[in-house]
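# Structural characterization, general
Spelled out, the chains give:
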Amino acid sequence: MIVISSSVPNIEAILVKSFQKYAPAGSFCTVESPEAERATTVAAWFPDLEKVQQLPKLGLIHSIAAGVEHLNLNAVRPDQAVCRVLDPHHQKGMFDYLLWGVLYFQRYFDLMIQQQKQQLWKQYRQSYSHHIQIGIMGLGHMGGYVAERFADMGYQVSGWSNSPKDINQVKSYVGQEQLSEFLAQSQILINLLPLTEENTGILSAELFQQLPEQAALIHVGRGQHLIEQDLLNALDSGQLRGAIVDVFEQEPLAADHPFWQHEKIVVTPHVASHAPMSVVVEQILENDRRLNQGLDLCHQVDVNKGY
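Residues numbered from 1 in each chain as written. Predicted model: local features only at pLDDT ≥ 70, side-chain atom pairs only at ≥ 80, totals over all residues. Heavy atoms only, no water.

### Observations concerning the pairing of strand β7 (residues 156-161)
With five of its six residues buried, β7 lies for the most part within the structure. Here five bridges tie strand β6 (residues 133-137) to β7, and the two strands are oriented parallel to one another. The partner of I136 across the bridge, within β7, is G159. With helix α5 (residues 141-152) bridging β6 and the parallel β7, this β-α-β connection has right-handed handedness. (Buried < 20%, exposed > 50% of the residue type's maximum accessible area, 1.4 Å probe, protein only. Helix = DSSP H or I, 4+ residues; strand = E, 2+ residues; numbered from the N terminus. Pairing = 2+ DSSP bridges. Right-handed = clockwise from strand over helix to strand, strands pointing away.)

Here it is as structure tokens:
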């Protein structure tokens, strides 16, 4: 039995409808249902863990997304597992979004949009993929896929992560000791890091100062990675050329937030990529089956690492 739990009302409603559509009848319920006492897995997005942890048979806390930062991993018991959803459609969707973002800066569309507002006709010399140095922070399931795709298209690609990665045509930088070297050659910096205690606030003034002058940022990691005022300062000073921001510490973004009106920032409402709900339900059902049969789980998270 799978129990659905989300403190975000519209998300819980979407989950209920999705399980009704894609899961067998009687295989799921909400946390308020009497059947929840039989639940072995929770399908979660900002769940009410205090209530969920009272369920006597709960053995798996399953994120409905690739990230697990919305779960309080400190509240997970040693006898419980945590899993996430990973999917090729999700990877492809993220690459499509990032390719748009890279081309936005590569072909100077950011500058031409500003020029249009000024009725200014100015052409820029065309830049090709092999001219562009892309730096990707995070080379896991998503970042590794994206890095390989960009390299196959002829971009100069490097990546930064906690451990060495062997990806064809992608230069791997590891740990804090190699971060500065990685940043120094990243004309377009893409953040795909998972959120951990160590990297909270990593997109800061200190980091921006280590990028090439007039570098661009595409931020699709987690809202808590970014110190927002530091980004505004870097853009206003000319250290950074522009930014595309898809994730925010507070969502939805407040109507009076300065990002909305800043001419060098593109705001998108956390839409870079999502796995299809049919896949989300399928993977949670499969892991619940595996849990109850004592089999290895798919896409299990290291609770100590946070990813």
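### Quick word on the pairing of strand β3 (residues 41-45)
The element β3 is largely enclosed, with a buried count of five among its five residues. In β3, alternate side chains face the same way, and those of T41, A43 and W45 on one face and V42 and A44 on the other are all buried. In terms of strand pairing, β3 meets strand β4 (residues 60-63) through four bridges, oriented parallel. Pairing of V42 across the sheet is with I61, part of β4.

### Focus: the UniProt feature "domain: D-isomer specific 2-hydroxyacid dehydrogenase NAD-binding" (unreviewed entry) in the protein chain
Under the local residue numbering, the UniProt record ascribes the feature "domain: D-isomer specific 2-hydroxyacid dehydrogenase NAD-binding" (unreviewed entry) to residues 102-272. With 27% helix and 20% strand, residues 102-272 has end C-alpha atoms that lie 13 Å from one another. (UniProt positions renumbered as here; feature names shortened; annotations may be inferred.)

### Here's the deal with the domain arrangement of the protein chain
Parsing the protein chain into structural domains produces domain 1 (2-87 + 275-305) and domain 2 (88-267). If you average the C-alpha positions of domain 1 and of domain 2, the two centres end up 32 Å apart. At the junction of the two partners, domain 1 supplies nine residues and domain 2 supplies eight residues. Across the interface of domain 1 and domain 2, roughly 740 Å² is buried in total on both sides, 56% from carbon and sulfur atoms. Among the ionic pairs, E69 bridges to R222, the shortest N-O distance being 2.7 Å. (Domains from an automatic or database assignment. Contact = heavy atoms within 4.5 Å. Buried area = accessible area lost by both parts, 1.4 Å probe. Salt bridge = Lys/Arg side-chain N within 4 Å of Asp/Glu carboxyl O.)

### Some points on the pattern of salt bridges
Evaluation of the coordinates by the stated rule reveals six salt bridges. Of the charged contacts, one joins E286 and R290 as a salt bridge, the two residues approaching to 2.9 Å between their closest N and O atoms. Placement of both E286 and R290 in helix α9 (residues 277-293) is noted, with a separation of four residues, approximately one turn of the helix. Note on E286: relative accessible area 25%, which makes it partly exposed. For R290, a relative accessible area of 22% puts it in the partly exposed group. Connected via shared salt-bridge partners are E286, R289 and R290.

### Digging into the nonpolar core
By size, the foremost hydrophobic cluster in this structure holds 29 residues, and its most contacted members are L98, I136, F150, I190, L192, I218 and V220. Of all elements in the fold, only α3 (88-106), β6, α5, β9 (188-191) and β10 (215-219) reach the threshold of two or more residues within this core. Ranked by the residues each element gives to this core, the list is headed by α3, at eight residues. Counting 27 residues, the second largest nonpolar core, distinct from the first, contains L183, L203, L211 and L253. (Core = buried A, V, L, I, M, F, W, Y, C linked by side-chain atoms within 4.5 Å.)

### Some thoughts on a nonpolar patch on the surface
A contiguous nonpolar patch, built from L103, F109 and M112 and spanning about 230 Å² of accessible area, is present on the exposed surface. By the element assignment, F109 lies in helix α4 (residues 109-117). (Patch = residues over 30% accessible without salt bridge, like charges linked within 9 Å, V, L, I, M, F, W, Y side chains within 5 Å. Areas by Shrake-Rupley, 256 points an atom, 1.4 Å probe, with all protein chains shown as cover.)

### Some words on the side chain of Q53
Along the chain, Q53 turns up in the loop between α2 (49-52) and β4. According to the relative accessible area criterion, Q53 is buried, its value standing at 17%. A distance of 3.0 Å separates polar atoms of two side chains, one belonging to Q53 and the other to R77. Once residues lying within four places of it in the same chain are set aside, the contact partners of Q53 are L58, I61, A75, V76, R77 and Q80. (Polar contact = N/O pair within 3.5 Å; in protein donor to acceptor, adjacent residues only side chain to side chain.)

### Quick word on the sheet that holds β9
Ordered in space as β8-β7-β6-β9-β10-β11-β12, the seven strands form an open sheet in which the pairing is parallel. A strand with exactly one partner marks an edge of an open sheet, and here the two such strands are β8 (170-174) and β12 (265-267). The average angle at which neighbouring strand axes cross in this sheet is 15 degrees, direction not considered. Where β7 and β8 come together, five bridges link them in parallel fashion. In the sheet register, S158 faces β8, and the bridge partner there is K171. Strands β6, β9, β10, β11 (240-245) and β12 of the sheet are contacted by α3, whose axis makes an angle of about 155 degrees with β11. (Axes fitted to C-alpha atoms, helices over the stretch in contact; angles between N-to-C directions.)

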